[in-house]
Amino acid sequence: MDELNTIRLTQDLATDLFLQNIDFIRSVAFESAPSRSLQEDIVHDVYVCLIENAGKWKYDESKKLALLRSITENMSARYWRSYISNLPESLRILAEKIQAAKETGILQADESENLKILALKLCMEKLSEPNRELVEMIYFGQKKYTDLTQETSKSLGALYTQMSRIRDSLYRCIEQKTKSEDENEPSA
């Protein structure tokens, strides 16, 4: 009976399959893309993959969503590998562990906190060198603002203002990086 429902996938059928299920493909890409900006690239690559392999695959209508999910998740995994290969070693390892835990379903309750930590690390990398050093001295070196006024030749007010701006910048960056993850969660 399954053989009766299975037909050779042509380019026309592949295009129809893609267009009829583009919202589903986008939602899977949204869930699995390393960043929201890559979502449409993944959707495009799914289409290209369908067209390139049209003559090679048999198509079963009852399993179309599983096929599309599989292709989309594989494309997302490629983007993840490319994305994390450009990160510094420590962040790459952390991103790989978080992605692996996410794929296996281990990250559930604490996922958003883990993603925020990763986002913080990524955002710290984007800071200018002087700003990053200031954050590291205050939070990790446990230096006091008064000690830093002598080391940096800045007034206490200037240091407070600079740190306030850095914190705001980090907060916005973290929110931006984790926003797509938060939007993805079902509301009660």
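Residues numbered from 1 in each chain as written. Predicted model: local features only at pLDDT ≥ 70, side-chain atom pairs only at ≥ 80, totals over all residues. Heavy atoms only, no water.

Asker: How would you summarise the packing of helix α8 (residues 129-140) against helix α9 (residues 145-152) if you had to cite specific residues and measurements?
Answerer: The interhelical angle for the contact between α8 and α9, taken along N-to-C directions, is 145 degrees, at an axis separation of 11 Å. Where α8 crosses over α9, the handedness of that crossing is right-handed. Here α8 contributes L134, M137 and I138 to the contact with α9, which in turn contributes Y145, L148 and E151. Residues belonging to the contact of α8 with α9 are distributed by class as follows: 5 nonpolar, no polar and 1 charged. (Axes fitted to C-alpha atoms, helices over the stretch in contact; angles between N-to-C directions. Helix = DSSP H or I, 4+ residues; strand = E, 2+ residues; numbered from the N terminus. Left-handed = near helix turned anticlockwise from the far one by under 90°. Contact = heavy atoms within 4.5 Å. Nonpolar A, V, L, I, M, F, W, Y, C, P; charged D, E, K, R; others polar.)

Asker: Would you mind going over the confidence of the model for the protein chain in detail, with residue names and values included?
Answerer: Mean pLDDT for the protein chain: 77, with 79% of residues reaching 70 or above. Averaged pLDDT values over the elements of the protein chain bottom out at 45 in helix α1 (residues 2-5) and peak at 89 in helix α4 (residues 39-52). Note on residues 1-5: pLDDT under 50 across the span, and 3 contacts to partners over four residues away in sequence or across chains. (pLDDT = per-residue confidence, 0-100.)

Asker: Describe the nonpolar core, listing the residues and the values that go with them.
Answerer: Counting residues in each nonpolar core, the largest one holds 19 residues, and the members touching the most others are F18, I25, I42, V43, V46 and L50. Elements represented by at least two residues in this core include exactly α2 (11-20), α3 (22-32), α4 and α5 (64-85). For I25, the contacting residues outside a window of four places in its chain are F18, V43, V46, L68 and T72. A119, C123, Y145 and I166 belong to the second largest nonpolar core, which has 15 residues in total. (Core = buried A, V, L, I, M, F, W, Y, C linked by side-chain atoms within 4.5 Å. Buried < 20%, exposed > 50% of the residue type's maximum accessible area, 1.4 Å probe, protein only.)

Asker: Let's hear about α8: which residues, and what values?
Answerer: Here α8 contains 12 residues, and its C-alpha end-to-end distance of 15 Å stays within 8% of the 16 Å for a straight helix at 1.5 Å per residue. Every buried residue of α8 is accounted for by R132, L134, V135 and I138. The buried residues of α8 all sit within an arc of 160 degrees when viewed along its axis, so they share a single face. Those residues of α8 that are exposed and aimed more than 90 degrees away from the buried face are P130 and F140. (Expected span 1.5 Å × (residues − 1). Arc of directions from axis to C-beta.)

Asker: Could you give me a rundown of the packing of aromatic side chains, with the residues and numbers involved?
Answerer: By the definition in use, this model includes 2 aromatic pairs. Considering the side-chain rings of F18 and Y47, the 4.9 Å spacing of their centres and the 55 degrees angle between planes classify their relative orientation as tilted. Here the residue F18 occupies a position in helix α2, and Y47 occupies one in helix α4, the gap between them amounting to 29 residues. A relative accessible area of 28% means that Y47 is categorised as partly exposed. Aromatic pair Y145 and Y160: ring centres 4.4 Å apart, planes at 35 degrees, arrangement tilted. With Y145 in helix α9 and Y160 in helix α10 (residues 156-184), this pair connects stretches of sequence that are 15 residues apart. (Phe/Tyr/Trp six-rings, centres within 6.5 Å; stacked < 30°, edge-to-face > 60°.)

Asker: I'd like a description of the packing of α2 against α4, backed by residues and values.
Answerer: One way to put it is that α2 packs onto α4 with a least axis distance of 9 Å and a crossing angle of 155 degrees. In terms of orientation, α2 and α4 fall into the roughly antiparallel class. Between α2 and α4 lies a crossing of right-handed hand. Contact residues: α2 offers Q11, A14, T15, L17 and F18, while α4 offers V43, Y47, L50 and I51. Looking at the contact of α2 with α4, its residues break down into 7 nonpolar, 2 polar and no charged. (Parallel < 35°, antiparallel > 145°, perpendicular 65-115°, else oblique.)

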